[in-house]
Amino acid sequence: VWSPDSKKIAFSDKEGRLYVVTVADKSKKLVADEKRGQLLDYAWAPDSKHMAFSMTGETPVRTIHIWSEADGQVRRVTDAMFDA
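To start, this report covers the structure provided alongside it. (Residues numbered from 1 in each chain as written. Predicted model: local features only at pLDDT ≥ 70, side-chain atom pairs only at ≥ 80, totals over all residues. Heavy atoms only, no water.)

## With respect to the environment of Val 21
Right, on to step 1. If you trace the backbone, Val 21 turns up in strand β2 (residues 17-22).
Right, on to step 2. It is 15 Å that separates the C-alpha atoms of Val 21 and Ala 70, two residues lying 49 residues apart in sequence.
Right, on to step 3. Discounting residues that sit within four places of it in the chain, Val 21 has contacts with Lys 7, Lys 8, Ile 9, Phe 11, Lys 26, Ser 27 and Lys 28. (Helix = DSSP H or I, 4+ residues; strand = E, 2+ residues; numbered from the N terminus. Contact = heavy atoms within 4.5 Å.)

## With respect to unusual backbone geometry
Right, on to step 1. Its identity is not glycine, yet Ser 6 carries a phi of approximately 60°, on the positive side.
Right, on to step 2. Mapped onto the secondary structure, Ser 6 falls in the segment before β1 (8-12).
Right, on to step 3. At Ser 48, a residue that is not glycine, the phi angle is positive and equals roughly 65°.
Right, on to step 4. With respect to the secondary-structure elements, Ser 48 resides in the loop between β4 (43-44) and β5 (50-56).
Right, on to step 5. Ser 48 sits in the buried class, given a relative accessible area of 1%. (Buried < 20%, exposed > 50% of the residue type's maximum accessible area, 1.4 Å probe, protein only.)

## Quick word on the sheet that holds strand β3 (residues 27-33)
Right, on to step 1. With respect to topology, 3 strands assemble into an open sheet ordered β1-β2-β3, the strand pairing being antiparallel. What marks the edges here is a single partner per strand, and that holds for β1 and β3. The mean inter-strand angle of the sheet, taken between neighbouring strand axes irrespective of direction, is 20°.
Right, on to step 2. Of the strand pairs in this sheet, β2 and β3 are connected by 6 bridges, and their pairing is antiparallel. (Pairing = 2+ DSSP bridges. Axes fitted to C-alpha atoms, helices over the stretch in contact; angles between N-to-C directions.)

## Details of the environment of Ile 64
Right, on to step 1. Along the polypeptide, Ile 64 turns up in strand β6 (residues 62-68).
Right, on to step 2. When the C-alpha atoms of Ile 64 and Lys 7 are compared, they prove to be 24 Å apart, with 57 residues separating the residues in sequence.
Right, on to step 3. Setting aside residues up to four positions removed in sequence, Ile 64 forms contacts with Phe 53, Ser 54, Arg 75, Arg 76, Val 77, Thr 78 and Ala 84.

What follows is the structure, encoded as structure tokens:
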């Protein structure tokens, strides 16, 4: 999935890993690693600096996570008690 600014591409592999490739320098960053299957529902924010996706944690409940390009961190933004 191309970022809105067309400078990055997000993709996932069959092992459940989510990556971002920067087109200019062809660098690849691992964003997340889903242990219970594939990551298929990721989406860029309009500013191309954040990406949202759902994945499981220690339980099979899917929660929403946000990745920030600025610090490379992934933060869970929904409660782990409820499927999102």
